[in-house]
Every structure is written in structure tokens, then in C-alpha cells.
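A structural walkthrough
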Amino acid sequence: MEPFSRTVDLATGKISGASNHWVRHLSEMRDMYQDQGAVAEILRAGDPLIYEVYEIAVPEEEGQLIQCVTIIHPGRVGSEYYMTKGHYHKKRDRAEVYLCLSGQGYLLLQTEEGASQAMELEPGTAAYVPPHWAHRTVNVGDRPLVFYGVYPADAGHDYEAIEEQHGFSLMVCERGGRPALEKNPHFKRR
Ligand code: S6P
Ligand code: ZN
């Protein structure tokens, strides 16, 4: 294949000439939030867009790299901030790099062996997700959280493992107007 480039709008995260643009609404991840009363109340009024992803597709084969930008909109479900579903890579030994372009957030990470970490994201943060670490991002600001990512094209996504574990062991909630890291009371280690 031939080399190529695309242009990422650093403020909005939009990639002109992206091959895919997909979106995730609250109804598609309703079980991921702790406060099911708040989920039901929000969904009665509509189905907010939680996040969207622009992807530059390449053949999904070993050696290739996928570039993408994620935009998480600002908002909360109960006290929990808007976040991604989160996943392990299907091929567990595939790593990933994120570069935060704008906004404020957290990257939550965990392994199947029980390790967990939370990393703050702000413009300029280059975060490394090593092989075997699940990852979820959370927007704690009042503007979109935008980050660029690049990962092996054959990595794949395992969302089921996160659902089985009832999410991540850490969660980010608004307490007194500020984000606070808390333990997820429903988390189950695999
Ligand atoms: C892919 C990479 C990101 C996420 C995106 C949405 O490996 O980590 O592009 O796909 O941030 O998150 P999720 O958990 O819904 O795929
Ligand atoms: Zn990933």
C-alpha cells in the first residue's frame, strides 16, 4: 500500500477524510453506569450522545497501525462522568498510545491479574497503555475531551470481559463540584 496522511483538527478532533465515524449513545451503554435511576430518567427525555470516534482504517493485519480520535462529550449520569465503554484488546498483548488534544479527563487502566491505575489526561499528555491493560477514558471537564490514539490494527476489542467484571475497579464521580476517584462497589475480578 502507499503512504498517506490525513488532517486532524486539533481543537475538535475531527479527521477530514476519516474512513469511519462511529457514535455511542447512552442507550448503547446503559448498564455501564452505576445509577440506573439516573439512566432511566435521562433516557425518558432523550438519548444523549456520550462519545464519538473517527478512525483512519487500514487493513486489519499484523504490522499495520490504526489511528483514531475519540471525542467524549461533557456530562454526567448521576454523579458518574460520561466515559467510554472500555475494553481489553482481543489480542491481549497489543499496546496503545493516547495523546490528549483538548479537555480534561482520566484514563482508567486495569489488568486481569487485579492491578489498576488512574492517569490524568490534559492537553499534551501522552499516555502509554501497555499490553494486557484494559482501558477506559472519562471526561471530567465541561468541554469535550479529545484524544488521538494509535494501536495495532489486529488488536481487536473485547468489551464482554469488561461487562462480566461489571466495569472497571475504579470509577470517577463528581463530589462537591470536583472529580473523585472511587472504588466500584460492583466490580468482580475475573
Ligand atoms: C481503540 C482505542 C479507542 C477506543 C475509543 C472508544 O483500541 O482504545 O479508539 O475504541 O476511545 O472506546 P471504546 O472502549 O468504546 O472502544
Ligand atoms: Zn484500545
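This section reports on the structure supplied with the text. (Residues numbered from 1 in each chain as written. Chains lettered and ligands numbered in written order. Predicted model: local features only at pLDDT ≥ 70, side-chain atom pairs only at ≥ 80, totals over all residues. Heavy atoms only, no water.)

**Examining the site of ligand 1**
Under the convention used in this document: Whether a residue is near a molecule or strand is decided by its heavy atoms; if any one of them lies within 4 Å of it, the residue is near. By the criterion applied in these results, polar contacts are pairs of N or O atoms within 3.5 Å in which, for protein atoms, one can donate a hydrogen and the other can accept it, and in which residues neighboring in sequence qualify only through two side-chain atoms. Where helices and strands are cited, they refer to DSSP runs of H or I of at least four residues and of E of at least two residues respectively, numbered from the N terminus.
By nearness alone, 18 residues border ligand 1, and Y51, T70, E96, Y98 and Y159 come closest of all. In the model, an oxygen atom of ligand 1 is placed 2.7 Å from a nitrogen or oxygen of the Y98 side chain. Those elements that provide at least two residues to the shell around ligand 1 are β3 (20-25), β4 (49-56), β5 (65-72), β9 (96-102) and β14 (145-152).

**Considering helix α1 (residues 36-45)**
Between the side-chain oxygen of the N-cap and the backbone nitrogen of G37 there are 3.2 Å, and the N-cap of α1 in question is D35. A positive backbone phi angle near 160° is found at G46, which sits one or two residues after α1.

**Description of the coordination of the zinc ion (ligand 2)**
As a reminder, the rule being used: For Na, K and Ca the donor cut-off is 3.2 Å, and for all other metals it is 2.8 Å, counting N, O and S atoms only; because water is absent from this set, sites may look incomplete. Each label reflects the angles at the metal, where four donors whose angles all fall between 85 and 135 degrees are tetrahedral, four or six donors whose opposite pairs open beyond 155 degrees and whose other angles stay between 65 and 115 are square planar or octahedral respectively, and the rest are irregular. Only protein chains enter the area calculation, which uses a 1.4 Å probe; residues under 20% of their type maximum are buried, those over 50% are exposed, and those in between are partly exposed.
Protein ligation of the zinc ion (ligand 2) involves H87 (NE2), H89 (NE2), E96 (OE) and H135 (NE2), the donor distances falling in the range 2.1 to 2.3 Å. Of note is the zinc ion (ligand 2), whose six donor atoms meet at the metal with angles of 71 to 172° in an arrangement that counts as octahedral. Coordination of the zinc ion (ligand 2) draws on donor residues from a single chain, spaced H-x1-H-x6-E-x38-H in sequence. The exposure class of H87 is buried, given its relative accessible area of 9%. Given the relative accessible area of 3%, H89 is considered buried.

**Quick word on the packing of aromatic side chains**
Here the distance between the centres and the angle between the planes together describe a pair of aromatic rings. Under the convention used in this document: Ring geometry is summarised as follows: Phe, Tyr and Trp rings, the Trp one being its six-membered ring, pair when their centres sit within 6.5 Å, and such pairs are stacked at plane angles under 30 degrees, edge-to-face over 60 and tilted between the two. To sit over a ring, a charge needs its Lys NZ or Arg CZ within 6 Å of the ring centre and within 35 degrees of the ring normal.
With the rule as written, the count across this model stands at two aromatic pairs. On the numbers, 6.2 Å between centres and 70° between planes, the contact of W22 with Y51 is edge-to-face. Highlighted residues: W22 in strand β3 and Y51 in strand β4, separated in sequence by 29 residues. On the accessibility criterion, Y51 (2% relative accessible area) is buried. Aromatic pair Y98 and F147: ring centres 4.5 Å apart, planes at 45°, arrangement tilted. One end of the pair, Y98, is in strand β9; the other, F147, is in strand β14, and 49 residues separate them in sequence. R24 extends its terminal NZ or CZ atom over the ring of Y159, reaching a point 5.2 Å from the ring centre.

**Points about the sheet that holds strand β10 (residues 105-110)**
As a reminder of what qualifies: DSSP-based pairing: two strands are paired if at least 2 bridges between them are found. For helices, the axis comes from a line fit to the C-alpha atoms of the stretch in contact; other axes are also lines fit to C-alpha atoms, and the angle between any two N-to-C directions lies between 0 and 180 degrees.
Read from one edge of the open sheet, three strands run β11-β10-β13, paired in antiparallel fashion. The strands lining the two open edges of the sheet, one partner per strand, are β11 (116-121) and β13 (134-139). Taking each pair of neighbouring strands and ignoring which way they run, the sheet shows an average axis angle of 20°. One ladder, built from six bridges, connects β10 with β11; its direction is antiparallel. Among the inter-strand pairings, L108 is bridged to a residue of β11, identified as A118.

**Let's talk about the side chain of Q165**
This is how it is decided: Note on definitions: a residue-residue contact is assigned when non-hydrogen atoms from the two residues lie within 4.5 Å.
Inspection of the secondary structure assignment puts Q165 in the loop between α2 (160-164) and β16 (170-175). By relative accessible area, which is 1% here, Q165 ends up buried. Not counting chain neighbours up to four residues away, the residues in contact with Q165 comprise Y88, Q110, H186, F187, K188, R189 and R190.

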